[in-house]
Amino acid sequence: MKIQDLFERDIYRSINGVVKADQLDASSVWQELDEFVITRELTTHITDLVAVLLETIESEKDAAGKNGVWVSGFFGCGKSHFIKVLSYLLENQEHSLDGEHRRAVDFFSDKITDPMLYADLKKVVGATTDTILFNIDSKADHRSGRDALLQVFLKVLNEKQGYSGDHPHIAHMERHLDEKGKLEAFKSAFQNAAGESWLEQRDAWEFHRDEVVTALQEALGQSESSVEKWVDSAEDHFSLTVENFAKWVKRYLDKKGKSHRIMFLVDEVGQFIGNDTHMMLNLQTITEQLGTICNGRAWVVVTSQEDLDAVLGDLKSGQKKHDFSKIQGRFKTRLSLSSGNVDEVIKERLLRKNETAIAPLNAAYDGKHDILKNQLSFTNAGMTFNTYANTDDFAAGYPFAAYQFTLVQKVFESIRKAGATGLHLSQGERSTLDAFQSAAKQLGQDEIGALVPFYRFYPSVEGFLDTAVKRTIDQANDNHALKSFDTTVLKVLFLIRYIEELPGNVDNLVTLCVNEIDTDKLALRKIIEESLARLESETLIARNGDLYFFLTNEERDIGREIKDQKIPSGAEERELGKFIFEEILDDSRKHTYSLTGRDFNFTRLCDDHPVGSKLEGSLEVAFVSPLGENYDKFTSDEFCCLHTGSEQGRVLIRLPLDLLLGRELQTYLQTASYVKPNPTATLPDTAKRILRDRSDDNRARRSRILTSLESILADACYFVSGKKLEIGSTNPKLALSEALEYLIQNA
């Protein structure tokens, strides 16, 4: 059975995964209402919100202090969809599609299982309410400074009333004319004077100054001089304050009726405000004045990627003198959408299976629980990633691995914060639902047994990536030194680049690339290791121990410069000797013979390179490593015995072959050589950060080298006076002491 045939709804159907405030065509509105999923979490939030709204409708007491709602949740979690559906509900208009008609609340008759909650919801939507839904960033004039927020609120109110949105003083004129019942007369007079419609020409009012004067004279019956004075000075003298704005809202509500309400639904206000303390205080004042002057009939609902306390915490860290307790009190109703909510929405709206799918999915999972747990588990992860709990869990999430519901959300959020995306993703132009549908469609023709590998999510962010990031991956496709699967591995490394909880080791990369229930992980591991070697040789990725990282343009340039650092001949051997003698052996330079108490000094050598000064006539402790030119000769025990037979007074210690040690030492020395002399004061901030990161990586690399050396020394072979010793201790210091005891005793 093909994967595309498993689902109750067509997996290829058009889903408005990216909810936009101004997308109001009949098909989009119907789908947004029809496919809206009331999860367990949302049921709780809707219950709380309905209770507050109902309380303010039934009693005006304390209503003024409850008019703020803060909706938070990570990027792509459905905040925009939630507040858009809320706007539909509160206006409760009738919607039509293909001959079917329903009011907004009717879509929820079978979504809300609690009859009392549904009854309360109907009471709430029964109160006449206007809603104004908008994305704050798309509406704002960023030149407005501290008044940007207030100007947007006024702009959307003016647009709601049919007044000019771009010219507040013109809207103020229209409001004045409308309240006097003269607006239509003005429009008619302008049409007669200009020969064109006022609504079409008002944004170009300056070019129609004389016609505006004529129309105002005719509509208001005022003198030409007084009208001209107003027209010529209105823009300069227009006064916008929060109090004025709240009063204009009240006049609008009073005109609509005593119980009429309005709700401003502001998407992504948290991102718009950022760390601007004055903007946050402005939001507080707007909400407070609307509540007080309109007596609880004007509401402000905002969305943010962080909850209110987190936003305020960031602001306090920079401006401790401000007290944000008022805004915390103003936004008492706080709704937080979690990752669990998104999981439920995706499984219900996108992945819900039809009846014919259950049996084959059960058969696919039968007896495979432990196999799947092994196939889809991670090593050294900083958090617990889910695996399939049982057959039902497998069927509900298939063809996706359980970990992907959490990890995709983390990817979207992490690359946005790291600035690896262009403008659209940072403005919420992509949803988690959209990403899962895109990945599922790629596997539509596959049979049951296939799984979605993590790289299938790359197309969901590809179109929104920063040009430099995308170019890196695109150019890898054209690199003849690479194979096609290498680019796939590169995409996976990019997706997890900024996720601290998931280290990019080979085991985890294998798990992320599993594409079938019965994938041969050993074979896949070999392919990935070969890909990593090629990617590293092309400086598209970096390696730090057993971890691999995608490199940005700047990181790649610095990485190439580090690789080009020339290491002097013998430097690796000398550095290895320092690690052994100065770090692991505590910089020991002499041995006290146990029988006499006499001290014997010894010269320290590593691959014939002295570590410290060479002492004439002293004993010698000589390490032979795979870094040395003559190591091949010393791999023979017989050669080592002959060597120490002729070199009396020498302890020869042969280290076992370890290819990684040499590579780590080389990278350590190249990085240290590059980072140390660089004058960071004149470098760009990104370069400074990269150099700091490389220094941190090198400190970690140094620790790994020492740990690795201790393990290598435990397996070292000791030769003295023509004999291979059987050393009783794996401790390097005790082992060396034992060898020196034998040397002195048999000298």
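Procedures and definitions
Residues numbered from 1 in each chain as written. Predicted model: local features only at pLDDT ≥ 70, side-chain atom pairs only at ≥ 80, totals over all residues. Heavy atoms only, no water. Helix = DSSP H or I, 4+ residues; strand = E, 2+ residues; numbered from the N terminus. Rg over C-alpha atoms; globule rule 2.2 N^0.38 Å. Buried < 20%, exposed > 50% of the residue type's maximum accessible area, 1.4 Å probe, protein only. Contact = heavy atoms within 4.5 Å. Areas by Shrake-Rupley, 256 points an atom, 1.4 Å probe, with all protein chains shown as cover. Lys, Arg positive; Asp, Glu negative; His and termini not counted. Charge placed at Lys NZ, Arg CZ, Asp CG, Glu CD. Salt bridge = Lys/Arg side-chain N within 4 Å of Asp/Glu carboxyl O. Core = buried A, V, L, I, M, F, W, Y, C linked by side-chain atoms within 4.5 Å. Pairing = 2+ DSSP bridges. Axes fitted to C-alpha atoms, helices over the stretch in contact; angles between N-to-C directions. Disulfide = S-S within 2.5 Å. Parallel < 35°, antiparallel > 145°, perpendicular 65-115°, else oblique. Left-handed = near helix turned anticlockwise from the far one by under 90°.

> Is there a simple way to explain the overall build of the chain in this structure?
Helix and strand content of the chain: 35 helices and 16 strands. Taking 27 Å as the expected radius of gyration for a compact globule of 747 residues, we find that the chain reaches 36 Å, considerably beyond that expectation. With respect to the principal axes defined by its C-alpha atoms, the chain has extents near 125 × 65 × 55 Å. Looking at the chain residue by residue over its 747 residues, the buried ones come to 50%. The contacts of the chain with a sequence gap of at least 6 include a subset with a gap of at least 24, amounting to 71%. Put simply, the chain shows about 34,300 Å² of open surface, and 46% of that area lies on carbon and sulfur atoms. Averaging the positions of the 90 positive and the 117 negative side-chain charges in the chain gives two centres separated by 3 Å.

> Honestly, the pattern of salt bridges in this entry has me stumped. Any pointers?
Two side chains with opposite charge may pair up if their charged atoms get near one another. Tallying each qualifying case throughout the model produces 42 salt bridges. For Asp 587, the salt bridge identified is with Arg 589, shortest N-O distance 3.7 Å. When salt bridges that share partners are traced, they join Arg 209, Asp 210, Glu 228 and Asp 232 into one network.

> So what exactly am I meant to see when it comes to the nonpolar core here?
The nonpolar side chains of a soluble globular protein tend to be buried, and buried together. Ranked by internal contacts, the top residues of the largest apolar core, which has 114 residues, are Phe 108, Phe 454 and Leu 512. In this view, Phe 454 contacts Tyr 403, Gln 404, Leu 407, Val 408, Val 411, Leu 495, Ile 496 and Leu 512; residues no more than four positions away in its chain are not counted. Listed in part, the 38 residues of the second largest apolar core include Phe 134, Ala 140, Phe 153 and Cys 294.

> How should I be thinking about the sheet that holds strand β1 (residues 68-73) in this particular structure?
Within a sheet, each strand pairs with its neighbour through backbone hydrogen bonds, oriented either parallel or antiparallel. In space, the five strands of this open sheet follow the order β4-β5-β6-β1-β7, with parallel pairing throughout. Of all the strands in the sheet, the pair left with one neighbour each is β4 (129-135) and β7 (333-337). Across the sheet, the mean angle from the axis of one strand to that of its neighbour is 15°, orientation sign disregarded. Two strands pair when backbone bridges link them, and β1 and strand β6 (residues 298-304) are joined in this way by five bridges, in the parallel orientation. Each bridged residue has a counterpart across the sheet, and for Gly 68 the counterpart in β6 is Val 300. Relative to the sheet, helix α12 (residues 242-256) contacts β4, β5 (261-267) and β6, its axis offset from that of β5 by approximately 130°.

> Sorry, what's going on with the state of the cysteines here?
Per the counting criterion, the structure on display carries zero disulfides. Sulfur of Cys 606: no disulfide; nearest cysteine sulfur belongs to Cys 640 and is 14 Å away. Here Cys 717 is not disulfide-linked; the sulfur of Cys 640 is the nearest cysteine sulfur, at 7.9 Å. Taking relative accessible area as the criterion, Cys 717 reaches 18% and is therefore assigned buried.

> Could you clarify how one ought to interpret the packing of helix α27 (residues 506-513) against helix α28 (residues 521-537) in this entry?
The packing of two helices is summarised by the inter-axis angle and the distance between the axes. With their axes 9 Å apart at the nearest point, α27 and α28 run at an angle of 115° to one another. As judged from the angle between their axes, α27 and α28 are roughly perpendicular. When the axes of α27 and α28 are compared, the crossing they make is right-handed. Contact residues: α27 offers Val 506, Asp 507, Leu 509, Val 510, Thr 511 and Cys 513, while α28 offers Lys 521, Leu 524, Arg 525, Ile 528, Glu 529 and Leu 532.

> What's the story with the environment of Arg 416 in this structure? I'm lost.
Take Arg 416: it is sitting in helix α21 (residues 404-417). As for Arg 416 and Ser 377, which are separated by 39 residues in sequence, their C-alpha atoms are 26 Å apart.

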